[in-house]
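Structure at a glance
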Amino acid sequence: MEYIDAFYGGLIKILPFTSQGQQAFFFMLVGIFIGFWVGILPGLGGAATLALMLPFIYKMDPTSAFAFLLGSNSVTATTGDITSILFGVPGEGTTASTIVDGHPMAKKGEAGRALGAALMSSLVGAIFGAFVLALAIPIASPLVLSIGSPEFFMLALLGITFVGSLSGGNIVKGLMAGGLGLMISTIGLDPIRGVPRFTFEGILGQGPSIFLWDGIDLVAVTIGLFAIPEIIDLAVKGTSIAREKVGKLGGLMEGVKDTFRHWWLVLKCSALGAYVGILPGVGGGTAQWVAYAYAVQSSPNRERFGKGAVEGVLGPGAANNSARGGDLVTTVAFGIPSSVSTAILFGAFLIQGIVPGPDMLNPAKHLTLTFSFVWIIIVANIITVAVCFLFLNQLAKITNIRGSLLIPFLLLLIYLGGFTAKNALGDMIMVLIFGALGWLMVQFDWQRPPLLVGLVLGTITERNFWISTRAYGAGWLLHPGVLIIAALIIVAIVYSVRQLLREKNQQPATVPGLATEPQITMLSSPVYRPLFALFFVALFVYVLRETFYEIRPMEERAALFPTVLGIPCLALALFVFGQELFNTLRSAPGRPNPGETASSPERTVARRRVVSIAAWTLGFFLAIWLLGFVVAVPLASFLYFRFAGGEKWSISILLSVMAWVVFYGLFDYLLHLPFPEGALLVWLNLFG
Amino acid sequence: MTGAGSLIAANYTYYSAKPDGLFVGIWISGFVLRQALGDKAIRFDTRNFGWIGAPTKATPSCSIMAHTGLKSLKDILAANRELKMGSIGPGTTYDDLPQLLNLTLGTRFKVISGYEGTSTILVAMRRKEVDGACWGWESVRATARPMLDAQGDDKLIPFLIHRREPDLEVKDLPLVTDVIKSADHLSAYKTWGGTQEFQRPFTVPPGTPKERLELLRKGFAAAMKDPEFIAEAEKSKLETTYVSGEEIEKYVGDIIAITPKAKELLSFLMTQPKK
């Protein structure tokens, strides 16, 4: 009875029926407003915003303080999906996987449907996560304590086996992309002894090398891999994002219905997300990819994924939201934050004079407050989704605006997203490097999600392998949990292989409404494919050379993971190279290349456009570097609108001023982000 | 400015920031010791920074779980068995202090490095993956409060501390400096402990005009004594201890003037290429 009273009391505390409730409700609305924009804008991270909000809670009562903070934190993953779907740029790091199928849906004129599916599944996920929070707190302790480092390591391995199902038909390329992601995760100081690995000090010098000590940022990689190829594609096609008119299928309600059509998938992915969220040190960033992989693996028509399958939106949409609820469990139950965001929320507990732990479950102490957290997550998401539904059909029409008007804004979002990852220009360079890689991967039919799965799971895998070995010797291999997960891994591999063999033996199913958009292959010469594979051969040879001659002499342990990864990756790269070379030699002269659909004149125009947009993208970066954001944003935007887009002078000036006002007003004037001065202006000593 | 445990921020402050008094860099004091030990990654001379002051000192402490059956330093030394201590990674108190105690007291701590943060170490302690850890008391008392108050196997027991603190759990604990007997070992520990005397120091780039540095020092001192600031810090359970710029200059000078013997004893703190 006490629990039911506390559950009801938690709701009353945040609704505007009492004076205290009015205050909490007001602060929740403010929090939601902030979280809404934080989610949508790629340049603003949820955790960083929470840290900025923290000083405001000193004078608030506990319910209002958590309504303010949780109201913001619980909706960022919901609205982050909007940017991912509409523009192919992740609004939040935790919404990157929504791009894979959400953006192709937008391109097919189904932006509304994708948004409806993302929002509804987000709402279901958030409610699921909130109830997990309510129900799991009493049992959180045994749940978390049953997962030690060996079990964590095995769970990470299980996640890596999902790479097979994300490979888009070519399992060797998929495995190699996954291996590349794992290898990228080893860049920087190794987590055990702090030895620099692959920081290129001999080539880059000390400054850039130290930048790499901190590793490669996931947000920068995601933006590069997905957003840059989308911009190039947008410029090449010379149309709007939506290639087809937003029609009936573009409707929001269709996406809502999809959520209920695939009800079990949404619930299962919500459960996956909540569970991953509960595990310390893992959060929505991992949960989304695990859910995406599950959605692919459990589908009878895997070939639809990556081309606009709604299940690819529903799975991650639910998981990245339910993870937020799961994330809070350990913080509330025994005062152990499991992510950066919850560590900041832990600070809020201290400011409010509350000690997380058993008191949070005590009806005589803070149980009502604990249940108010559950209601804040639910109510905040209901309000957000309701507000979004009011105008999303209009927002979806952004995808009908011609590309030349959108590209400068997208470039601004991309570079801001890259820069604000660590407030460093280096991450903008990472965006460019991974942008080039992502575009080439698209050209040569390599799947990008396995690379991100590898990158997300790499550090977790290495850390937990070392901790397990150091803490338990070889004994951890016989832990019951390890053996159970090992059996699951074997089952997953066998299932994957059987599924692949079955798909190979069957004729590809024709799925109505899911015809792939014709791809204009720019690099159509058959020589390029083996050359691209050869690049990876060279890369892994370099990796192994560095490992044996630079890292191993410093610390053998730091060299083990790159060695264990590097050798099979090199073997896979050689295999792919052989495969591509064989295909090239086999193809008769004059025979069209697979995937090549454009005629020669079309291809010439497309090539010219690729070179042009690549130059503009690079030019935008150089302008920021040389002149600083404040000058470069309006100047580069104007030049693009006027000379690349061929817009009228008046429109070019108006839109450039708009870009500057949004950038300067929000990021510089309001948020005081530490934008560097332009290198050229410093050289000329203009601010001297 | 994140990255490389604030080394990027320190480098930027030293080489790139304008010495006009408008740029303040905050980075970890451990770089001073790394400079003293000859770490090649530290390519600046910490004596050249303008030191404004520091808002706090650190009080490293070591704690052990009750499930080990040990309750004090005396028990640990008498048991003479290997104990696993959780750590985030090299260059942290979690990593350095147990190894220093092995060197100076003959304890048999095995550092299990690689945990993501304090929270994951606390979970590892509760599931008996590690037996304890060494880290700042100001963090222990806030982040591990439920474990300090727990009963039975889940109880966390502090057994050694760097300086005297008034809290009930640690007020009678032995101090590290009292239990180390050898003069060389004590000198090595004190050099390491020197960096604990000024945490999160505020610095200005080399070449900042002296009068501007003085102005910043005065402003910093006034802020640290401001009753509203102190009240808010107390509400957040943050301990503040004002350390002046002049005091920091002295600490830095002492650390850099490390004795050859202490340098040799502490050399294990750096990863060095095998010859």
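Residues numbered from 1 in each chain as written. Chains lettered and ligands numbered in written order. Predicted model: local features only at pLDDT ≥ 70, side-chain atom pairs only at ≥ 80, totals over all residues. Heavy atoms only, no water.

**A word on the pattern of salt bridges**
Between side chains of opposite charge, a pair can form when the charged atoms approach closely. Residue and element names in this part refer to chain B. Under the defined criterion, the tally for this structure stands at 33 salt bridges over all chains. With its nearest N and O atoms 3.5 Å apart, the salt bridge here joins Lys128 to Asp153. Taken together, the residues Lys128 in the loop between α5 (118-126) and β6 (132-136) and Asp153 in the loop between α7 (145-149) and β7 (156-161) connect sequence positions 25 residues apart. Taking the relative accessible area as the measure of exposure, Asp153 reaches 42% and is therefore partly exposed. (Salt bridge = Lys/Arg side-chain N within 4 Å of Asp/Glu carboxyl O. Helix = DSSP H or I, 4+ residues; strand = E, 2+ residues; numbered from the N terminus. Buried < 20%, exposed > 50% of the residue type's maximum accessible area, 1.4 Å probe, protein only.)

**Section: the packing of helix α15 (residues 263-278) of chain A against helix α16 (residues 284-297) of chain A**
Residues and elements named next belong to chain A. The N-to-C vectors of α15 and α16 enclose an angle of 150°; their axes lie 9 Å apart at closest approach. As for the relative orientation of α15 and α16, their crossing is right-handed in sense. Mapping the contact onto sequence places Leu265, Lys268, Cys269, Leu272, Gly273 and Val276 in α15 and Thr286, Ala287, Val290, Ala291, Tyr294 and Ala295 in α16. (Axes fitted to C-alpha atoms, helices over the stretch in contact; angles between N-to-C directions. Left-handed = near helix turned anticlockwise from the far one by under 90°. Contact = heavy atoms within 4.5 Å.)

**Considering the interface of chain B and chain A**
Contacts between chain B and chain A engage 44 residues on the former and 42 residues on the latter. Interface of chain B and chain A: buried area, both sides summed, is about 3900 Å²; carbon and sulfur atoms make up 54% of it. Counting across the chain B and chain A interface gives two salt bridges. Two residues, B:Glu116 and A:Arg463, come together in a salt bridge whose shortest N-O distance is 3.9 Å. Our count for the contact surface shared by chain B and chain A stands at eight residue pairs in polar contact (both at pLDDT 80 or more). Listed by contribution, the elements that provide at least two residues to the side of chain B that touches chain A are α1 (7-16), α4 (93-105), β5 (109-113), α5, α6 (137-143), α7 and α11 (227-235) of chain B. (Buried area = accessible area lost by both parts, 1.4 Å probe. Polar contact = N/O pair within 3.5 Å; in protein donor to acceptor, adjacent residues only side chain to side chain.)

**Considerations on the confidence of the model for chain A**
Summing up the model confidence of chain A, the mean pLDDT is 85 and the portion of residues at 70 or higher is 93%. Within the model, pLDDT remains below 50 along residues 509-516 of chain A, and this stretch shows eleven contacts once partners closer than five positions in the same chain are excluded. (pLDDT = per-residue confidence, 0-100.)

**Some details on the side chain of A:Ser637**
Tracing the sequence through the fold places A:Ser637 in helix α27 (residues 629-644). Not counting chain neighbours up to four residues away, the residues in contact with A:Ser637 comprise A:Pro408, A:Phe620, A:Ala632, A:Ser656 and A:Ala659.

**Section: the side chain of A:Asn321**
Residue and element names in this part refer to chain A. By the element assignment, Asn321 lies in helix α17 (residues 311-334). With a relative accessible area of 2%, Asn321 lands in the buried category. Within the structure, the side chain of Asn321 is placed 3.1 Å from the side chain of Asn320, a separation counted as a polar contact. Those residues in contact with Asn321 that lie beyond four places of it in its chain are Ser74, Ala77, Thr78, Ser122, Gly125, Ala126 and Asn381.

**Regarding helix α10 (residues 171-184) of chain A**
Residue and element names in this part refer to chain A. The terminal C-alpha atoms of α10, which comprises 14 residues, lie 20 Å apart, in line with the 20 Å expected from a rise of 1.5 Å per residue. Here α10 lies mainly inside the structure; twelve of its 14 residues are buried. Buried residues of α10: Val172, Lys173, Gly174, Met176, Ala177, Gly178, Gly179, Leu180, Gly181, Leu182, Met183 and Ile184, and no others. For α10, the elements touching its buried residues are α9 (149-161), α21 (425-443), α22 (449-472), α24 (528-554) and α25 (556-586). (Expected span 1.5 Å × (residues − 1).)

**Comments concerning the state of the cysteines**
All names here are of chain B. Using the criterion set out here, one finds one disulfide over all chains in the structure. Between the sulfur atoms of Cys62 and its disulfide mate Cys134 the distance is 2.0 Å. Of note, the bridge from Cys62 to Cys134 carries an S-S torsion of about 105° and is right-handed in sense. On the criterion of sequence distance, the pair formed by Cys62 in strand β3 (residues 60-65) and Cys134 in strand β6 is long-range, its members being 72 residues apart. Look at Cys62 and you get buried, because its relative accessible area is 1%. (Disulfide = S-S within 2.5 Å.)

**Some remarks on the packing of aromatic side chains**
Any pair of aromatic rings gets described here by the distance separating the centres and the angle formed by the planes. Taken as a whole, this structure holds 55 aromatic pairs over all chains when the rule is applied. When the centroid spacing of 5.5 Å and the interplanar angle of 85° are considered together, the rings of A:Phe153 and A:Trp476 count as edge-to-face. You can see A:Phe153 sitting in helix α9 and its partner A:Trp476 sitting in the loop between α22 and α23 (480-505), a full 323 residues away along the chain. Taken as a pair, A:Phe153 and A:Trp476 share a single burial class, namely buried. With a centroid separation of 6.5 Å and an interplanar angle of 20°, the aromatic rings of A:Phe663 and A:Phe667 are classed as stacked. Taken as a pair, A:Phe663 and A:Phe667 lie in helix α28 (residues 649-670) at a separation of four residues, close to a single helical turn. Members of the aromatic cluster, connected to one another through ring pairs, are B:Tyr14, B:Trp27, B:Phe31, B:Phe44, B:Phe49, B:Trp51, B:Phe198 and B:Tyr251. Sitting over the ring of A:Phe643, A:Arg642 keeps its end group 5.9 Å from the ring centre. Note that B:Lys84 overlies the ring of A:Tyr472, its terminal NZ or CZ placed 5.3 Å from the centroid. (Phe/Tyr/Trp six-rings, centres within 6.5 Å; stacked < 30°, edge-to-face > 60°. Lys NZ or Arg CZ within 6 Å of the ring centre and 35° of its normal.)

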